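Okay, here's what each chain looks like letter by letter:
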Amino acid sequence: MARHRRPPTGEQAALPADVDLRLRAITQGRTITDEGVVTFPGAKHPYAYRHLYRPDGGVDRLLERLSPGPLHPPGPLPAN
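Predicted, not measured: the structure shown is a model, and the values here were computed from it.

Enquirer: Talk me through the overall build of the protein chain; I want residue IDs and the actual numbers.
Expert: Summing up its helical and strand segments, the protein chain has one helix and three strands in all. Listed by position from the N terminus, the elements making up the protein chain come as α-β-β-β. With 80 residues in all, the protein chain has 9% of them scored as buried. Accessible area for the protein chain stands at about 7,200 Å²; split by element, carbon and sulfur atoms hold 55% of it.

Enquirer: Quick rundown of the pattern of salt bridges? Include the residues and the values.
Expert: Going through the model one piece at a time under the given rule, you end up with three salt bridges. A salt bridge links Arg-50 to Glu-35, with the shortest nitrogen-to-oxygen separation between them at 2.7 Å. Taken together, the residues span a long stretch of sequence, with Arg-50 in strand E2 (residues 47–53) and Glu-35 in strand E1 (residues 32–38) at a distance of 15 residues. Taking relative accessible area as the criterion, Arg-50 reaches 39% and is therefore assigned partly exposed. Overall, Glu-35 belongs to the partly exposed group, its relative accessible area being 46%. As a salt-bridge pair, Asp-60 and Arg-54 come within 2.9 Å of each other at their nearest N and O atoms. Using a relative accessible area of 33% as the deciding quantity, one classes Asp-60 as partly exposed. A relative accessible area of 28% means that Arg-54 is categorised as partly exposed. Among the charged side chains, a network of salt bridges with common partners joins Arg-54, Asp-56 and Asp-60.

Enquirer: I'd like a description of the sheet that holds strand E3 (residues 59–65), backed by residues and values.
Expert: Within a sheet, neighbouring strands are paired by backbone hydrogen bonds and run either parallel or antiparallel to one another. As summarised here, the arrangement of the three strands in space is E1-E2-E3, forming an open sheet in which the pairing is antiparallel. Across the chains shown, the open sheet's two edge strands, defined by having one partner strand only, are E1 and E3. Each adjacent strand pair in this sheet contributes to an overall mean axis angle of 10°, direction not counted. Strand direction decides the pairing type here: E1 and E2, joined by seven bridges, are antiparallel. Across the sheet, the residue bridging to Thr-33 is Leu-52, located in E2. Running at roughly 155° to E1, helix H1 (residues 19–28) makes contact with E1, E2 and E3 of the sheet.

Enquirer: Before we move on, can you summarise the environment of Leu-52 with the specific residues and values?
Expert: Its place among the elements puts Leu-52 in strand E2. Once you skip the residues sitting within four places of it in the chain, Leu-52 turns out to touch Thr-31, Ile-32, Thr-33, Gly-58, Val-59 and Asp-60.

Enquirer: Describe in detail the side chain of His-51, supporting the description with residues and values.
Expert: Note that His-51 resides in strand E2. Within the structure, the side chain of His-51 is placed 3.4 Å from the side chain of Tyr-53, a separation counted as a polar contact. If we skip the residues at most four places from it in the chain, His-51 touches Ile-32, Thr-33, Asp-34, Asp-60 and Arg-61.

Conventions adopted
Residues numbered from 1 in each chain as written. Predicted model: local features only at pLDDT ≥ 70, side-chain atom pairs only at ≥ 80, totals over all residues. Heavy atoms only, no water. Helix = DSSP H or I, 4+ residues; strand = E, 2+ residues; numbered from the N terminus. Buried < 20%, exposed > 50% of the residue type's maximum accessible area, 1.4 Å probe, protein only. Areas by Shrake-Rupley, 256 points an atom, 1.4 Å probe, with all protein chains shown as cover. Salt bridge = Lys/Arg side-chain N within 4 Å of Asp/Glu carboxyl O. Pairing = 2+ DSSP bridges. Axes fitted to C-alpha atoms, helices over the stretch in contact; angles between N-to-C directions. Contact = heavy atoms within 4.5 Å. Polar contact = N/O pair within 3.5 Å; in protein donor to acceptor, adjacent residues only side chain to side chain.

In structure tokens form, the structure reads like this:
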């Protein structure tokens, strides 16, 4: 005899936005990598991100601010 459950509602029904990549990693039995560059609202500098979706369902998330360029204007360094 099968039990019937009510469908999840509210927060229970919400799936993570990355569910497709997680499922692909699990079903294919290999790590799936998603990477790119993003600029957050109000931020001046871009960030590089990398998500590694593992076959066991785990996720490693890496975020690193990209270098904005030289810390001083081109030319000789100012005297201290």
